[in-house]
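# Secondary and tertiary structure notes
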Amino acid sequence: MTELGLRSRSVVRTFPGGDLAKRTHQFDWAATPLGPAPNWSPSLKLTVGLILATPFPMALRWGPDFILIYNDGYAPILGDKHPEALGQPFRQTWPEVQADLGPLHQAILDGERAGVFSEDLPLTIRRRDDGPEQAYFTVSYSPIPDDTAPSGVGGVLITAIETTERLRTEQALRASEERYQLALDAAGGVGTWNWDVPSNRIYADQRFALLFGVDPARAALGAPVDDFLAAIHPDDLDRVTEAIERVLAAGGAFAEEYRLVQANGEVRWVFARGHCYLDAAGRPQRYPGVLVDITERKEAADRLAVQEETLRLAVESADVGTWDLDLRTRVLTWSDRCKAMFGLPVDAAVTLDDFLAGLHDGDLQAVMESFGRAIDPESRADYEVEYRTAAPHDGGERWIAAKGRALFDASGRALRAVGTTVNITDRKRAELHLRLMVNELNHRVKNSLATIQAIAAQTFRDAHSLPDAQDAFTSRIIALAEAHDVLTRENWESADIQEVARRTAGLHGGEDRFDLTGPSIRLSPRTALSLSMALHELATNALKYGALSVPAGRVAIDWSVTRDAAGARLSLVWSEHGGPPVTPPTRKGFGSRLVERGLAAELAG
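These numbers were taken from a predicted model, which means no experiment stands behind them.

Our next topic: the packing of aromatic side chains. With the rule as written, the count across this model stands at 16 aromatic pairs. Measuring from ring centre to ring centre gives 5.8 Å for Phe355 and Tyr387, while their planes differ by 75°; the resulting arrangement is edge-to-face. Note that Phe355 is positioned in helix α14 (residues 352–357) and Tyr387 in strand β14 (residues 383–390), a separation of 32 residues in sequence. An aromatic cluster is present here, built from Trp193, Trp195, Phe208, Phe212, Phe228, Phe254 and Tyr287 joined pairwise through their rings. Positioned over the ring face of Tyr277 is Arg286, at 4.9 Å from the centre of the ring. A cation sits over an aromatic face here: Arg380 above Phe408, 4.0 Å from the ring centre.

Right, here's the structure in full:
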């Protein structure tokens, strides 16, 4: 070190201040192949002075061993190898790149190659204890002439800028752009725009441009805003324009749904979201954003709305209610229509206990059994039952048809039960009425058959000949059918005596041969049948022997209601006028027996 002395200080003192300048001045170069610093060649001294005088990353590899001398700018490239790398041979400093760079350095030192420049040179180096790493450098290797060297080249001057971080940033940016583009491709109808507000030009991608009917090449170079606004549906233009102006004035987010009219007349729905950025003076500068084609979503929403409205109408017309039971909390949720079926106001709060308390005692067991099968994880049967309920507010009994299904978790535990209720009270009443009608019909059919059987027996027993019997039987069956017809039109509840009398007149010469007088009186089905058959027998007798057997004869039927202590009684008079002289009958036939015995017994007269 003493050999550097005053001579070396004249050289070293030209070095600017810095850690490496100080270290180079203090280093024991005599222990290296370069020898003491005072003995260095002028070319070496000059180059070292240049390296240490600049902040630009530079290093020198000198002599056959390529001894390393570097400045502060180059030190970060060495990492943990600094400062021990100062004065070390190249093979010792960078053994991991010796195979790649050693021959190049040797060719430059031998004068066989001129300087070499590499941009973003990839090198796998080890500069820290955590292992090798991939690094990139923009580097130049330049020969340093030296007359004292055998080849005329004393060493290799290295200028290096590490570009690892820049390249990684660029790679990350490219990856981000690729992911962004993939996201746009996956999104389908997504387009992007960037509005340069001061120049009033929109720069847009292909998707955005095509939706607005603008040439994509022109949109990429920037097109006037008015070119894009022209595609907005006239009914949406004012609203969208106002929203844009608000954002331009105050900055911030923009989000609107609107329609675009395509060149072929097709209308597309879009959703646009952007953000307007203002400068320090509050003036709008940039306005980027994205646009999504939501036409299919809108159409699906419209279809769903139609389906929901159709379902609502169907539910209302079918008088269907819905219910939802949370089996964990026992919270029961009823729709308004379901509450109405149970006679509850729409704002009434209901619980499962309220439901059970409102069930008819005779139906509770059937409901519980059906629901038990539904929530059983083994059976998982559909809940389907009909039951009666007494509404707590109006006290009326209603019939309900309930259907539902339980929902289970992965372990098989029932979590919820959902379903519907239908008010079937009218149906149940109709079924009851139908059963009563069937029973009544069975009774009446039996009675009618018995009546026909009696008519047949009496007719054929008293007849003198078979043709006479057939005629009498047929006419009596017709009279019976007429009575049945009257009762059928009245649902077999009653028949008016006026209608019974008119039917009799119609079957025996017409109403112009009969005088019918009397009030409207409702007769029971049994009374109507008996009276109809009796009037038929009297009319048949009048046709054969009485007033209706001659053209001038007439029949009068007069009836009235008299009242006494016993109650109301029907009084009916049959009288004939203008007929042949009356002669006592020589025998009593079916008609006489029907009137005297049957009718008297039926009418309690």
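This part covers the sheet that holds strand β3 (residues 116–125). Spatially, the five strands line up as an open sheet ordered β2-β1-β5-β4-β3, and their pairing is antiparallel. Both edges of this open sheet fall to β2 (67–70) and β3, since each of them pairs with a single strand only. Neighbour to neighbour, the strand axes of the sheet diverge by 30° on average, direction disregarded. Pairing of strand β1 (residues 58–62) with strand β5 (residues 153–162) involves five bridges; the strand directions are antiparallel. Residue pairing in the sheet places Leu60 in a bridge with Leu157 of β5. Each of β1, β2, β4 (133–145) and β5 touches helix α3 (residues 42–53); the most contacted strand, β1, lies at about 160° to it.

A few words on the sheet that holds strand β21 (residues 567–577). Pairing within the open sheet is mixed, and its three strands lie in the order β18-β20-β21. The sheet is open, and its two borders are formed by β18 (514–517) and β21, each paired with just one other strand. Each strand of the sheet is rotated relative to its neighbour by a mean of 15°, with strand direction disregarded. Sheet topology places β18 next to strand β20 (residues 554–564); four bridges connect them, and they run parallel. In the sheet register, Leu516 faces β20, and the bridge partner there is Ile557. Across the sheet, helix α19 (residues 525–544) lies against β20 and β21, angled at about 15° from β21, the strand it touches most.

Across the interface, helix α18 (residues 497–507) lies against α19 with an axial gap of 10 Å and an inter-helix angle of 30°. The angle between α18 and α19 falls in the class roughly parallel. Both α18 and α19 take part in a crossing whose hand is right-handed. Taken together, the residues of α19 that come into contact with α18 (itself represented by Ile497, Val500, Ala501 and Thr504) are Ala528, Leu531, Ser532, Leu535, His536 and Ala539. Grouping the amino acids of the contact of α18 with α19 by side-chain chemistry returns seven nonpolar, three polar and no charged.

This paragraph deals with the pattern of salt bridges. The full count for this structure, using the stated rule, is 30 salt bridges. The salt bridge involving Arg91 is made with Asp65; its shortest N-O contact spans 3.2 Å. You can see Arg91 sitting in helix α5 (residues 90–93) and its partner Asp65 sitting in the loop between β1 and β2, a full 26 residues away along the chain. The shortest N-O distance in the salt bridge between Glu170 and Arg166 comes to 2.9 Å. Of this pair, Glu170 and Arg166 both sit in helix α7 (residues 164–187), four residues apart, which is roughly one turn of the helix. Glu170 gets classed as partly exposed once you look at its relative accessible area, which sits at 31%. The exposure class of Arg166 is partly exposed, given its relative accessible area of 36%. The network of salt bridges with common partners includes Asp236, Arg239, Glu256 and Arg259.

Its 17 residues place the ends of helix α11 (residues 234–250) 25 Å apart at the C-alpha level, agreeing with the 24 Å of an ideal helix rising 1.5 Å per residue. Buried within α11 we find Asp236, Val240, Ala243, Ile244, Val247 and Leu248. The buried residues of α11 occupy an angular sector of 135° when projected down its axis, which confines them to one face. Residues Asp238, Glu245, Arg246, Ala249 and Ala250 are exposed on α11 and point more than 90 degrees away from its buried face.

Turning to the environment of Ala75, a few remarks are in order. Structurally, Ala75 is set in helix α4 (residues 75–78). For the pair formed by Ala75 and Asp19, sequence separation is 56 residues and the distance between their alpha carbons is 10.0 Å. Setting aside anything within four residues of it in sequence, one finds Ala75 in contact with Leu20, Tyr70 and His82.

In this section: the pairing of strand β12 (residues 320–326). The element β12 is extensively covered by neighbouring structure, given that five of its seven residues are classed as buried. Bridging between β12 and strand β16 (residues 414–423) involves seven bridges; their strand directions are antiparallel. The residue bridging Trp323 from the neighbouring strand is Gly419, located in β16. Relative to strand β13 (residues 331–334), β12 runs antiparallel, the two being bridged by four bridges. Pairing of Leu325 across the sheet is with Leu332, part of β13. Linking β12 back to β13 in an antiparallel pair, the connection comprises four residues, with Arg330 at a positive phi of about 60°.

Moving on: the side chain of Thr295. Along the chain, Thr295 falls in helix α12 (residues 295–317). Judged by relative accessible area, Thr295 falls into the buried class, the value being 2%. Discounting chain neighbours no more than four positions away, the residues touching Thr295 are Val267, Arg268 and Trp269.

Confidence in the prediction for the chain averages 82 pLDDT; 80% of positions are at 70 or higher. Mean pLDDT across the elements of the chain ranges from a minimum in helix α1 (residues 5–12), with 36, to a maximum in β2, with 96. Within the model, pLDDT remains below 50 along residues 1–15, and this stretch shows 20 contacts once partners closer than five positions in the same chain are excluded.

Scanning the entire structure with this criterion turns up four cavities of 30 Å³ or more. Estimates place the volume of the largest cavity at around 180 Å³. Forming the walls of the largest cavity are 16 residues, and the residues nearest its centre are Trp193, Ile202, Phe208, Ile244 and Tyr258. Residue contributions to the lining of the largest cavity peak at three residues, all from helix α10 (residues 225–229). Along the lines of polarity and charge, the residues of the lining of the largest cavity split into 16 nonpolar, no polar and no charged. The volume enclosed by the second largest cavity comes to roughly 130 Å³.

To continue, consider the side chain of Asp363. Positionally, Asp363 belongs in the loop between α14 and α15 (364–375). Judged by its relative accessible area of 9%, Asp363 is buried. The contacts of Asp363, once residues within four sequence positions are left out, are Tyr387 and Arg388.

Rules behind the numbers
Residues numbered from 1 in each chain as written. Predicted model: local features only at pLDDT ≥ 70, side-chain atom pairs only at ≥ 80, totals over all residues. Heavy atoms only, no water. Phe/Tyr/Trp six-rings, centres within 6.5 Å; stacked < 30°, edge-to-face > 60°. Helix = DSSP H or I, 4+ residues; strand = E, 2+ residues; numbered from the N terminus. Lys NZ or Arg CZ within 6 Å of the ring centre and 35° of its normal. Pairing = 2+ DSSP bridges. Axes fitted to C-alpha atoms, helices over the stretch in contact; angles between N-to-C directions. Contact = heavy atoms within 4.5 Å. Parallel < 35°, antiparallel > 145°, perpendicular 65-115°, else oblique. Left-handed = near helix turned anticlockwise from the far one by under 90°. Nonpolar A, V, L, I, M, F, W, Y, C, P; charged D, E, K, R; others polar. Salt bridge = Lys/Arg side-chain N within 4 Å of Asp/Glu carboxyl O. Buried < 20%, exposed > 50% of the residue type's maximum accessible area, 1.4 Å probe, protein only. Expected span 1.5 Å × (residues − 1). Arc of directions from axis to C-beta. pLDDT = per-residue confidence, 0-100. 1 Å grid on protein atoms, 1.4 Å probe; cavity = no way out; pocket = protein on both sides within 12 Å on 5 of 7 lines; lining within 4 Å. Points joined across faces, edges and corners; volume = space filled by probe spheres on them.

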